[in-house]
Amino acid sequence: MSTLTKLALGAMGALRPRPPTGKAGKSIKLPAPDKSGGIPLMRALAKRRSSRAFARKPLPLPILSSLLWAAFGVNRRGGGRTAPSAIDAQEIDVYVALPDGAYLYDAKAHALRLVAASDLRRVTGYQDFVDEAPLDLVYVADHRRMRLVPVAQRESYASAAAGAIAQNVYLYSASAGLATVIRAWIDRNAIADALGLGHDQHVVLSQTVGYPRG
Ligand SMILES: Cc1cc2nc3c(=O)[nH]c(=O)nc-3n(C[C@H](O)[C@H](O)[C@H](O)COP(=O)(O)O)c2cc1C
């Protein structure tokens, strides 16, 4: 769908998901992430960049697993994560929009939990490439977990936490030969509706990931 069509539908509050491709599982246990692979950190930093041309090729489950673990997985005893959060509130939830459905990443179980059996990739942003790339991530701040953070700071702290997760995805992508771009040009209401979010859950950013086109 073109950006212009999306803008028009968005203005009417009518930017909606598509029917799913394939059958969504209620829960998908992810394979163990590959924590020993990858290119050296300094090379990944040298390669990091935003890309907006994606092939339609799906991401294999082992790659999705390592990507999500790198993004915001549990990396130590006690439940610590690969990205920081103020007072360790861990307020960002990572939603995973795939062709067969939208899932919540359950970092503790390293599993995906189905939240919508529809293809809501096109709802995750105004840019046309988000519809066809194999994966769109959505970072959602759950303000109920930030009760100890002063109200005036909650939004900026959540943005910082989502930014750290996004950079993890950039670095993993650089290492794994994937293309990615973080996106703020999104219809937050349309995404919240499609994911069935509550009043305390705020959509912060979205990020597309896939194989580079061409
Ligand atoms: C908060 C934030 C929001 C962004 N929003 C978008 C967006 O909506 N669409 C997009 O194509 N790129 C978006 N970008 C990516 C920037 O355009 C990109 O990082 C910038 O042009 C620098 O390019 P580089 O990432 O390749 O270094 C965003 C980046 C940030 C940090």
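Note that the coordinates shown come from a computational prediction; the quantities given were computed from them, not determined experimentally. (Residues numbered from 1 in each chain as written. Predicted model: local features only at pLDDT ≥ 70, side-chain atom pairs only at ≥ 80, totals over all residues. Heavy atoms only, no water.)

K.L.:
Looking at this structure, I do not really get the layout of surface pockets. What am I missing?
P.N.:
Empty pockets left among the atoms are what a rolling probe the size of a water molecule brings to light. Taken as a whole, the largest pocket encloses approximately 450 Å³ of empty space. Taken together, 19 residues form the lining of the largest pocket, with Gly37, Gly38, Ala70, Tyr172 and Ser175 sitting closest to its centre. Classifying every residue of the lining of the largest pocket by side-chain character gives 11 nonpolar, six polar and two charged. The volume enclosed by the second largest pocket comes to roughly 190 Å³. Residue lining of the second largest pocket: Ile28, Arg56, Pro58, Leu59, Leu61, Leu64, Leu98, Pro99, Leu112, Arg121, Glu132 and Pro134, and that is the complete set. (1 Å grid on protein atoms, 1.4 Å probe; cavity = no way out; pocket = protein on both sides within 12 Å on 5 of 7 lines; lining within 4 Å. Points joined across faces, edges and corners; volume = space filled by probe spheres on them. Nonpolar A, V, L, I, M, F, W, Y, C, P; charged D, E, K, R; others polar.)

K.L.:
Would you take a moment to explain the packing of aromatic side chains for this structure?
P.N.:
The relative placement of two aromatic rings is captured by the distance of their centres and the angle of their planes. Per the counting criterion, the structure on display carries two aromatic pairs. Plain terms: the ring middles of Phe54 and Phe129 are 5.4 Å apart, the flat faces sit at 35° to each other, and that makes the pair tilted. Residue Phe54 is found in the loop between α2 (41-47) and α3 (61-72), and its partner Phe129 is found in the loop between β4 (111-116) and β5 (135-142); the two are separated by 75 residues along the sequence. The burial state of Phe54 is the same as that of Phe129; both residues are buried. Between Tyr126 and Trp185, the aromatic rings sit 5.3 Å apart at their centres with planes inclined by 45°, giving tilted as the arrangement. (Phe/Tyr/Trp six-rings, centres within 6.5 Å; stacked < 30°, edge-to-face > 60°. Helix = DSSP H or I, 4+ residues; strand = E, 2+ residues; numbered from the N terminus. Buried < 20%, exposed > 50% of the residue type's maximum accessible area, 1.4 Å probe, protein only.)

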